[in-house]
Amino acid sequence: MYPLKLLSPTYALDLTTSASAALQIVPNTPTRAWRMAVLNTGDGTAAITFGTTAANVATPSIASTGTSGSFVQAPNMFMPVIIDCASPNLFIKAISSATNTIYVTLVATE
């Protein structure tokens, strides 16, 4: 595994069973490494979606079966998942199956 270079502050999203408002993730410095570390520390399953503007972020959902189109995060994670993102202008929305907190940070793996 490569070391992670933090590129933004860590954002905490307190989630419920209703989707959050779009949150912009802002890098500390200009960068080309658009990856996001996501950590779900709560007891509920979380789902997140991404977009390049607040208006184009789809509403996340947690499917009971099949796929929902959202990135799903297991509960009680002890290590973040790294997700490639398409743009430095990044907005996210999230939802959870319970009251939950997820932590999000832009990172580089180089």
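The structure displayed is predicted, hence computed values, not measured ones.

**Considerations on the side chain of N100**
Item 1. By the secondary structure assignment, N100 is in strand β9 (residues 100-108).
Item 2. Taking relative accessible area as the criterion, N100 reaches 3% and is therefore assigned buried.
Item 3. Here the side chain of N100 touches S96 through a polar contact of 3.2 Å, side chain to side chain.
Item 4. Excluding its chain neighbours within four sequence positions, the residues that come into contact with N100 are L13, D14, L15, N40, G42, D43, G44 and A46.

**Describing the nonpolar core**
Item 1. L13, I25, M36, I92, I102 and V104 are the most contacted members of the largest nonpolar core, which has 18 residues in total.
Item 2. Elements with a contribution of two residues or more to this core: β2 (11-15), β4 (35-40), β5 (46-51), β8 (90-96) and β9.
Item 3. At four residues, β9 tops the list of elements feeding residues into this core.
Item 4. The contacts of V104, once residues within four sequence positions are left out, are P9, T10, Y11, L13, I25, M36, A37 and I92.

**Digging into the packing of aromatic side chains**
Item 1. What the rule picks out here adds up to one aromatic pair.
Item 2. With centroids separated by 5.2 Å and ring planes inclined at 65°, the aromatic side chains of F50 and F71 adopt a geometry described as edge-to-face. Residue F50 is found in strand β5, and its partner F71 is found in strand β6 (residues 71-73); the two are separated by 21 residues along the sequence.

Criteria and cut-off values
Residues numbered from 1 in each chain as written. Predicted model: local features only at pLDDT ≥ 70, side-chain atom pairs only at ≥ 80, totals over all residues. Heavy atoms only, no water. Helix = DSSP H or I, 4+ residues; strand = E, 2+ residues; numbered from the N terminus. Buried < 20%, exposed > 50% of the residue type's maximum accessible area, 1.4 Å probe, protein only. Polar contact = N/O pair within 3.5 Å; in protein donor to acceptor, adjacent residues only side chain to side chain. Contact = heavy atoms within 4.5 Å. Core = buried A, V, L, I, M, F, W, Y, C linked by side-chain atoms within 4.5 Å. Phe/Tyr/Trp six-rings, centres within 6.5 Å; stacked < 30°, edge-to-face > 60°.

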